Every structure is written in structure tokens, then in C-alpha cells.
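Coordinate inspection notes
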Amino acid sequence: MFRLRYLNSFLRRPFHRGPVNRDQVLERLRDCSAEDQVLDVVGKNKAKLTVNHISRAVGMLWQFQREKPQMLRTVELIKSHPQFLTLRVLAENKIALMDDSMLVDMLYSFLRLNVDPFDSLVQQLVSEAWQRIDRLPMTALSKLSICLSDQHLQQSPLMGEITNIVDQRLSSIDDARILTTLMISTSTLVSPRLRDALISRADHLLDTMDPSNYNSPRRVVQFLRNIKYSYRPLLEKCNKIILSNIPRMDAENISIIMGLYQSLQFNNCDFRLAVKQRLIELIDSSTDPLSFTKLFVALAPLASHEIREGLESTALLLADEFNAYQALAVAEALEEIESRNLSLLNKIAVVIRRNLHVYKPVEVARITQTLLLLQYQNPELFTILRNILVNFLQHSVFPHEVTMLTRVLSMLPYPRLDEGMISRVEAVVAQCNLSDLNTISFAIAKWVRNDPSYHHNTSSKYVRLLQDLKRCGRERLQTADRLDLVLEELRYISGEWFEEMLLEDTMATLKRMMDQINWNNVPELALFLTRINHLCPPLMDRIASVVIENIDKIHHSATYATLLPFSVLNYDGAQADELYDVCIQHFTPNISCFDPHLLVLLAYTLAVADCFPEELIREIFSIDFLGKLDAQLETLPDGLNMRTRLRLMELNRATCLECPEFQVPWFHERYCHQLQKKGSSSSSPVQQQIHKMLAEVLGGMNCVRAAVVTPYFYTTLNAYWTNTCSRCLTASPAHCRSQTKEKFTGGRPQWKTSGMSCHLELSGLPWTFLIQSYFARTPIIRKVKS
């Protein structure tokens, strides 16, 4: 009997839950449903709190905030609560007792609760994490990298150690979320070798992850944006995953992804159409200022005129509730769509003026530029903005900031530039890249034109500064040793100053680095040569050689940029024919993967070079393709929309004339009539002068006809047609091939046709003219540089 009682008592003992074994503080924390309850438990149990209790309490505070919309979060109220200070003090005293994951989680939560990065608690947590860096698991390491990014320590020695660990352990990372987080955090420190390894690993993990998780591919796109590397195969894989998730995205996430795509110049038709549809669905639910601003910025550039009017009407109702940054975002969207809604603009300007004290220098510059481009009339506001910009400029030490402030100040209608502003620009010129130097020169040129004192003082402040700009630009080019970095600085450069001062040095630098031209940077180099309209045979031959040798490595979409200078500059080098052939063979199997507008531009470029691949032409002039193109054009910016429509018309015309066997119908008659009504029939002084020069060369005014409109609406503003070549006015320009003239002196003339125009090359004349019979909007004469 006694033995049975003893055994029964013994068996029940492990299940006995007396007050001695219960963690009452932890239970009370678990029962909390709001931040004030958590802080109340902390206040009543200060002496009993262990490191586990502290970790639990801090994590719960952030979790409660995280579950709320941004506008309903109460982080500042939590920070000001007396018991939150208690938590911080206790956490700092128990750092040594925290395990590795707890340590990083604590740091992450405190930063999310807006504890100052310079607070001793944060500093101690970072120091302790640094000491344990080699043993942290990858999950904790990725979270630590986020914390360092939050503190703007992306280029710190600690982030460098994290980058090194990622390099060593990359093959062991099997979680796409962890990898993509580390990719973003370390993006400023990765080498080209590690960049390629990260891209390869991300490419593999995207195939194994849950396709409903669009955050990982979004982070991959952000990584590519950070390193300024538009790697198309990975971008397209990310886009495919993102595209399948658009029906459940909100306007904020869509807006973020659209911004990333725009930075990478990645334009996908299916994405834009799906985004447009989703954003239209979100209109009725976007009623608060925050969500509506995100919707407005994302949808307005894509929407039809009717939807834009509705968005502007809603914005007018909500404008008084916008904060400083929402007002700026809406203003920039209005500028993008070229809105003329004066009522809305006035309200936005009032909000901006009320919040001018909170904007940073670059934001004030953006505001000023936007209002100027919107042609907003408010001299008083612009005076205030100029004073703020001048003050920022005089105290700025960042070259990119000084450059932007200088450029925007030059847009304002004030002619004078004081010595203080000049001195600030001079102080940073030596640190500026080529793009910044070009931008500053553009601003100085404006001031020169508007300042009458310049014409009476050749040693003026402007001359001194322009000389410094030229010297710094030449030194930067002469000391450059990496082609990719030079091309990055040249990406957006154009204008008279660059062509007059730095073009010769730039071409010498590019020739010096010809051995660095590879399949990766060929499209960028080709675009640069096209943009500056400069023919450099050694570089063109090198591009052709690299492309022919590495065509299988080049993404099919890059063939357009690659072929562009050969077509536009009319370069017929030794390898040109082979180049066109290999490119056509390369992209033909991928025709269906092209964005519609890009395929039209590619076909036009080939047509200018007298290439009409049958499969490409039949694809473009199919009913399905034209329907898809129409849908895409509705989402494109107005400039690109008009350009694509014009190129389609010219391609249609050239195909009808050069390839009648394709039986492509001419369906642009009405469009050409509309363009003709919009255009001006009068010739400019330059065109009139060219008309006169052509008459002298060709034997008199009776040999030249101006503003001739042919069937298919070829318009020759300065025609060189003679009686022996009159068929060109009614038949294919290919007829010109047989019309070799013998009366020119100093050089043998050669007629060459591309199906788009007739070219007359006179190598013996002072200028070599390329006389094109494009439509009236297309330049008819270009000086061909050699």
C-alpha cells in the first residue's frame, strides 16, 4: 500500500505545476496585446527582468508597431515612455548574457524603434556583434547587415568583414531571402568577381524559392540597380516572378519596382500593362494621402487622359493633407505627365512652401526644377527658393550636390553669379566626374549668355572657371585606366562644351583602352558613339570584332544598341556585313521575347542599313504584334510613343518600296496626312543655305527641288533630284544606285540607298554631306565626322 502511494506520488511529480516553476513575468508578457501593456509589465517587474524577458519585451514592441500601417505607428510615443528607458538601460547592462541571434535581434528592434544610432546602447550592441562576427549564423549576419545599412555604415570596416564572410560562405547560403538581403547591404563593396558569383547564386536560388514571394526578386533588382549593372537574363527571371504577383501587390510595392526598373532602363511591356491594370483596381481603395500619393506617382504616367483627370481631381481634394514629401512626389509626377492643372499646382506649391524648412538641398533643387518645368508663375516663391539654394550651395561639400544646385540655379531667371558661388564650385571641381563637369559647364554657359559684363572682361570669373573645368576633364580622361568607369561617366554627356573641349581627349582615351572592350560593355560604348554622332573606325572595327566573336554571350535585346552606330553613322567597315548577319541570326529565334517598341526600333535600324530580315518584318506587320504594340504605346512616355510611331511608319514605307514581295500593305496614309498638317512647310535659314549650296554643286537651281512630297510621303526639304533621276520622285530610291554622276570635281561621287533615304557621298568637298530624304521631322543633313 505505502509503496503504491509512493509510486503514485513520484509519477505525478513531473507534472506538478506549482508557483515555484512558473515564469510569471513571461506569462504576463505573452498576455499583452498592446505596447502600453508591455511597458506596464516592465515597470512592475524591473528587478525580475532577465535577458530573455528584455528580448521578449523589445521584440513585442516592434512587432506591434510592424503590424500597423505606417501612418498609425506610435514609435515616438513609445520612445518617450519612462519604462522604455528602463528597457534600454537593462538591455545595455545584459549585453554579455545575450546569445548571438538575440544580440542581433535586439539591435534590429531598437533601431526599428528609432533609437539613435549614436546611443550608447546601439554602439555597445554593434561592438559586441563585431567581436562575434565570425561565429554569427547567416540569418543573424544578414540582419546585422541591415542594421549597419540603417546607420549608413555600408562602407564601414565591419561591412567589409561581412562582405568577406559572404564571399567565403556563398556556396552554403540556400535561403534566397538571406542572400538577397546580404547582396543589397554589401553592394557598394563587391568586386566584379564577387558580383558575378552573387548573380550566379541568386539565379540558382530564384529557381528553388516559393514563386509567391516577390520580395527576394525585388531585392535582386535593387542589387543590380545599386551596382548599376543591367544583367538582362537575371532581370527577366525576376520580372517573371514579380509579374505573377502583381495582382496582390499594393501601390507602394509597385511604385518601388517601377523606380528600380526605370533606373536600370528595363522596360517590359507585360509588366507595364499588368501594373496599369492593377493600379486602376486600387483607385477606389486609395483614399488616404499616403496610399493615394503612391498610386498617383505610379499610375499617372501610364494612365489615359480620363484617368489622369480623375487622379488630379482626387489629388486636389487631398492636397491640404499632404506632408512635405508627398507634395514633392505629386509635383514631380505632374511634371512627368506635363500637367497644366493650375489649381492643383497652386495647392501643391502652398504645401511645399509651408515645408521648405524640412527639405534637404537636393530636394529643394528638385522642387525648383519641377516648378520651372511646369512653367509655374510665382516670382516670390522662386526668389525664396533661390535664396535657399544659394545658401545650400555656399555650405555644401559634396560634388554631386554642388553640381545639382549649380545647374538648377542656372535655370532661374537671375543673370548674376556672385563670387561666393563661384568659389564653392571651384572648390569641388577637382573631385567632379566627367558628367558633373559637363553639367557645370552647361550652367556656366547660361550665365555667360545672360551676363553682359562677360563680353567686356575676358579674364572674368567665368573664363577662369571654364578653364578649370577643361583642365580637370582632360586630367580625368588622361589618368583613367578602367573603360567601364569612363563609360559610366560618359553615359549622359552631350552638348557643345563636351564636343569642343573634351571630345578629342575622350576618343584618345577610348582608343587607348580598346583592349578592355568586351561583350559586356559593347552596348554602352555603341550608344555613346551614336549619341555624340562621331565616327571612329578603329572603335567601330573593335566593336564588330568583339560582337562577332562573343555573339552567344550578348543578350538578344542588346543587338539594337550594338548595331545603332553602324546604321546611323553609315559605317561600312570590313566586318560590317558579317556583324549584321551574326546579329540577325542571334536575335531571330528570340523575336517573340522583344518588347514591341524595341523590335520596331531594331527593324528600323536594320532598314536604314538596307537589311530587311523576312521573319522580323512579318512579325512586326502581323495583326497580333500591332495590337500588342498599340497597347504598349498607351503606357509609354509621349516622346518615346511618338518616336516609335514615326519609326513604324518609316519602316512600313521602306518595306513597301524595297520588299514588295513581302506584300506588306501601306497603312500610314492617314497618319502621314496628320503629320503633314502638324508640320511646318517653311524652310529654316540653315535649310535655305543648304538648298543654295546644293544648287551650286549640282549645276543650278533648276537641278534642285525643295519640299517635294512623293508617294508614300517622302518629304525632301532640300532635294538634289535632277532630270536624269526624276524617277526617284515616283519610284523606289533604289533607282539612285544607277545614277552615278561624273561632273563632280575633287572626288568620285557614290550614290547609296538604304531604303529609307538616298545618300550622296562627296569625299572631295570641304564637308561630306549625308543627304537624307527622311520625313520632315528627321534631320535632312548631318555632317559626317571622321
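These figures come from a predicted structure and were not determined experimentally.

For the rest of this paragraph, the subject is the overall build of the chain. Per the secondary structure count, the chain includes 38 helices and six strands. For the chain, long-range pairs separated by at least 24 residues make up 69% of all intrachain contacts whose partners lie at least 6 apart in sequence. Here the chain displays about 38,500 Å² of accessible surface, and carbon together with sulfur accounts for 51% of that area.

As a packed pair, helix H28 (residues 496-512) and helix H29 (residues 522-532) sit with axes 13 Å apart at the nearest point and diverge in direction by 150°. Of the possible angle classes, the one that applies to H28 and H29 is roughly antiparallel. Relative to H29, H28 is oriented so that their crossing is left-handed. Contacts between H28 and H29 involve Phe498, Glu499, Leu503, Thr506, Met507 and Leu510 from the former and Leu525, Phe528, Leu529 and Ile532 from the latter. Counted by class, the contact of H28 with H29 contains eight nonpolar, one polar and one charged residues.

A few words now on the packing of aromatic side chains. The full count for this structure, using the stated rule, is 11 aromatic pairs. Consider the rings of Tyr229 and Tyr231, whose centres lie 5.8 Å apart with planes at 25°: the pair is stacked. Judged by relative accessible area, Tyr229 falls into the buried class, the value being 13%. With relative accessibility at 24%, the residue Tyr231 sits in the partly exposed group. With a centroid separation of 4.7 Å and an interplanar angle of 65°, the aromatic rings of Tyr261 and Phe271 are classed as edge-to-face. Placement of Tyr261 in helix H15 (residues 251-263) and of Phe271 in helix H16 (residues 269-281) is noted, with a sequence separation of 10 residues between them. There is no split in this pair, since Tyr261 and Phe271 are both buried.

A few words now on the side chain of His586. Residue placement: His586 occurs in helix H32 (residues 576-587). The class for His586 is buried, based on a relative accessible area of 16%. In this structure the side chain of His586 is engaged in a polar contact, spanning 3.3 Å, whose partner is the backbone oxygen of Ile551. In this structure, His586 is in contact with Ile551, Asp552, Ile554, His555, His556 and Thr559, ignoring residues within four places of it in sequence.

With 12 residues, helix H13 (residues 215-226) should cover 16 Å at 1.5 Å per step; its first-to-last C-alpha distance of 16 Å lies within 8% of that length. For H13, the complete set of buried residues consists of Ser216, Pro217, Arg218, Arg219, Val220, Val221, Phe223 and Leu224. On its buried face, H13 is in contact with helix H11 (176-185), helix H12 (192-208), helix H14 (232-245) and H15. Where H13 ends, the next residue or the one after it, Lys228, has phi of about 55°, a positive value.

What follows is about the packing of helix H21 (residues 361-373) against helix H23 (residues 399-411). Where H21 meets H23, the closest approach of the two axes is 10 Å, and the angle between their N-to-C directions is 25°. Taken together, the axes of H21 and H23 are roughly parallel relative to one another. Taken as a pair, H21 and H23 cross one another with a handedness that is left-handed. Counted together, Pro361, Val362, Ala365, Arg366, Thr368, Gln369, Leu372 and Leu373 of H21 and Glu401, Met404, Leu405, Arg407, Val408 and Met411 of H23 form the full contact between these two elements. Of the residues contributing to the contact of H21 with H23, the split by class is nine nonpolar, two polar and three charged.

The subject of this paragraph is a negative patch on the surface. There is a patch of like negative charges on the surface, built from Asp572, Asp577, Glu578 and Asp581. Residue position: Asp577 is located in helix H32. A residue is classified by how much of its surface remains accessible, and Asp577, at 53% relative accessible area, is exposed.

The end-to-end C-alpha distance of helix H30 (residues 537-550) is 20 Å, a good match for the 20 Å that 14 residues give at a rise of 1.5 Å each. Considered for burial, the residues of H30 that qualify are Leu539, Met540, Ile543, Ala544, Val546, Val547, Ile548 and Asn550.

Before going further, it helps to examine the pattern of salt bridges. With the rule as written, the count across this model stands at 29 salt bridges. The closest approach of N and O atoms between Lys237 and Asp203, which form a salt bridge, is 2.4 Å. Taken together, the positions of Lys237 in helix H14 and Asp203 in helix H12 put the pair 34 residues apart, joining distant regions of the chain. Of the residues examined, Asp203 reaches a relative accessible area of 25% and is grouped as partly exposed. Measuring nitrogen to oxygen at the nearest pair gives 2.8 Å for the salt bridge that ties Glu332 to Arg366. Residue Glu332 is found in helix H19 (residues 324-336), and its partner Arg366 is found in helix H21; the two are separated by 34 residues along the sequence. Accessibility expressed as a relative area gives 28% for Arg366, which makes it partly exposed. When salt bridges with common partners are traced through the structure, they connect Asp100, Glu128, Arg132 and Arg135 into a single cluster.

Position of Ser127 among the secondary structure elements: in helix H8 (residues 120-131). On the basis of relative accessibility, which here comes to 37%, the residue Ser127 falls in the partly exposed class. Measuring from C-alpha to C-alpha, the distance between Ser127 and Leu158 comes to 9.6 Å, with 31 residues separating the pair along the chain. For Ser127, the side chain forms a polar contact with the main-chain oxygen of Gln123, separated by 3.0 Å.

Definitions and cut-offs
Every chain is numbered on its own, with residues counted from 1 as its sequence reads. It should be noted that, the model being predicted, local features are given only for residues of pLDDT at least 70 and side-chain atom pairs only at 80 or more, the latter also being counted only at that level, while totals for whole chains, interfaces and linings use all residues. The basis for the side-chain values is all heavy atoms of the structure; hydrogens and waters are excluded. We count a stretch as a helix when DSSP gives it H or I for four or more residues in a row; a strand needs E for two or more, and each element gets its number in order from the N terminus. Contacts are residue-level and defined by heavy atoms, with any inter-residue pair within 4.5 Å sufficient. All accessible-area figures derive from a Shrake-Rupley calculation using a 1.4 Å probe, and residue coverage is judged against the displayed protein chains alone. Axis definition: a line fitted to C-alpha atoms, over the contacting stretch in the case of helices. Angles run 0 to 180 degrees between N-to-C directions. Each angle gets one of four labels, with under 35 degrees taken as roughly parallel, over 145 as roughly antiparallel, 65 to 115 as roughly perpendicular, and the rest as oblique. In this scheme the handedness of a crossing depends on how the near helix is turned from the far one: anticlockwise by less than a right angle means left-handed, clockwise means right-handed. The residue classification treats Ala, Val, Leu, Ile, Met, Phe, Trp, Tyr, Cys and Pro as nonpolar and Asp, Glu, Lys and Arg as charged. All others, Gly included, are polar. Stacked, edge-to-face and tilted labels apply to pairs of Phe, Tyr and Trp rings (six-membered ring for Trp) whose centres lie within 6.5 Å, assigned for plane angles under 30 degrees, over 60, and everything in between, in that order. Only protein chains enter the calculation, and the probe is 1.4 Å; a residue is then buried if its accessible area is under 20% of its type maximum, exposed if over 50%, and partly exposed in between. What qualifies as a polar contact is a pair of N or O atoms within 3.5 Å, subject to a donor-acceptor requirement within protein and to the restriction that residues adjacent in sequence count only when both atoms come from side chains. Every helix has an expected span of 1.5 Å times one less than the residues it contains. To count toward a patch, a residue needs a relative accessible area above 30% and no salt bridge. Like charges then connect within 9 Å, nonpolar side chains (Val, Leu, Ile, Met, Phe, Trp, Tyr) within 5 Å. By definition, a salt bridge exists where a carboxyl oxygen of Asp or Glu is found within 4 Å of a side-chain nitrogen of Lys or Arg. The convention is simple: Lys and Arg are positive, Asp and Glu are negative, and His and the chain ends are not counted. One atom stands in for each charge, and that atom is NZ of Lys, CZ of Arg, CG of Asp or CD of Glu.

Any link to function would need more than the numbers given here.
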